[in-house]
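Chain and residue survey
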Amino acid sequence: MGDPNRTLSSYLLESHPGKFLGIHLFNVSQNSGKIINELKLFCPILSDTNVEDITKIVGFCHDIGKSTSFFQDYLHTRKKISFHPFLKSHSTSSSLFGYLASKNKFDPFSAFLVMMLIQGHHGRLPSPSEVVTRISTNSQMLKTQLASIVRNIEFDALLAREGYPLFEECRWLAGSI
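A brief structural summary. Note that the structure is predicted; figures quoted are calculated from it, not measured. (Residues numbered from 1 in each chain as written. Predicted model: local features only at pLDDT ≥ 70, side-chain atom pairs only at ≥ 80, totals over all residues. Heavy atoms only, no water.)

1. Brief notes about helix 7 (residues 139–147)
Condition: Only protein chains enter the area calculation, which uses a 1.4 Å probe; residues under 20% of their type maximum are buried, those over 50% are exposed, and those in between are partly exposed. Runs of H or I in DSSP of at least four residues are treated as helices and runs of E of at least two as strands, each being numbered from the N terminus. Relevant arc is that of directions from the helix axis to the C-beta atoms, nothing else. Two residues form a contact once any of their heavy atoms are found within 4.5 Å.
The complete set of buried residues in helix 7 reads Ser139, Leu142, Gln145 and Leu146. Along helix 7, the residues classed as buried sweep out an arc of 115 degrees about the axis, all on the same side. Summarising the contacts, the buried residues of helix 7 are in contact with helix 3 (69–77), helix 4 (91–102) and helix 6 (128–137).

Right, here's the structure in full:
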């Protein structure tokens, strides 16, 4: 099982081997905004300011679920895991954080869209019912997963600097959707 007591001294949070999670999230967010700005020239509907903001939030939040000890243990050991595979996944917990980060900035539809986009970032876009079903069906494992968030001083500082809540603040959502 993942070690919920891991701290900065245990290891840096990584998104991929040798790649700091915070830098990855920041870069994806910034690059997403740049892409939307380029696309605005050809697709005027993307000129709505919310489109760029939503895109940046999706980019920043899409992999934050990798900050759990389950994912970090999997990433660092690559050994056969001894826990349920869902616990090392990251898109569902990342989608909860994306919802939390956007629910007070946008209308309910847009906040839910952020959650859908993040849940589907490795494949097809799930339907609204699939999003809710995935969360409700896995609520106990999500709670376990979110309880294993690895605290990292540099990562927490990045979240604060970019105006995001701490990842563990989305724990309550695991049982409420």
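2. Focus: empty space enclosed by the protein
Using the following cut-off: Put simply, the grid is 1 Å and covers the protein atoms alone, a cavity is a trapped set of points that fit a 1.4 Å probe, a pocket is an open set with protein on both sides within 12 Å along at least five of seven lines, and lining residues have an atom within 4 Å of a point. Grid points are joined across faces, edges and corners, and a volume is the space filled by probe spheres set on the points. Any residue that is not Ala, Val, Leu, Ile, Met, Phe, Trp, Tyr, Cys, Pro, Asp, Glu, Lys or Arg is counted as polar, Gly included; the first ten are nonpolar and the last four charged.
This model, assessed by the stated rule, comprises one cavity of 30 Å³ or more. Of the pockets and cavities examined, the largest cavity occupies roughly 30 Å³. Taken together, Ile149, Val150, Phe155, Asp156, Leu159, Phe167 and Glu168 make up the lining of the largest cavity. Of the residues that constitute the lining of the largest cavity, the class distribution is five nonpolar, no polar and two charged.

3. Some thoughts on the side chain of Ser102
Relative to the elements of secondary structure, Ser102 occurs in helix 4. Residues in contact with Ser102, not counting those within four places in the same chain, are Ile57, Ala111 and Val114.

4. Thoughts on the environment of Gln145
Our working rule: Distance and chemistry together define a polar contact, namely a pair of N or O atoms within 3.5 Å, with one atom able to donate a hydrogen and the other to accept it when in protein, and with adjacent residues in sequence counting only for side-chain atoms on both sides.
On the secondary structure map, Gln145 appears in helix 7. Sequence separation between Gln145 and Phe83 is 62 residues, and the spatial gap between their C-alpha atoms is 11 Å. Not counting residues within four places of it along the chain, the set of residues in contact with Gln145 comprises Thr68, Phe70, Phe86, Leu87, Lys88, Ser89 and Ser93. Reaching out from Gln145, the side chain makes a polar contact with the backbone oxygen of Phe86 at a distance of 3.3 Å.

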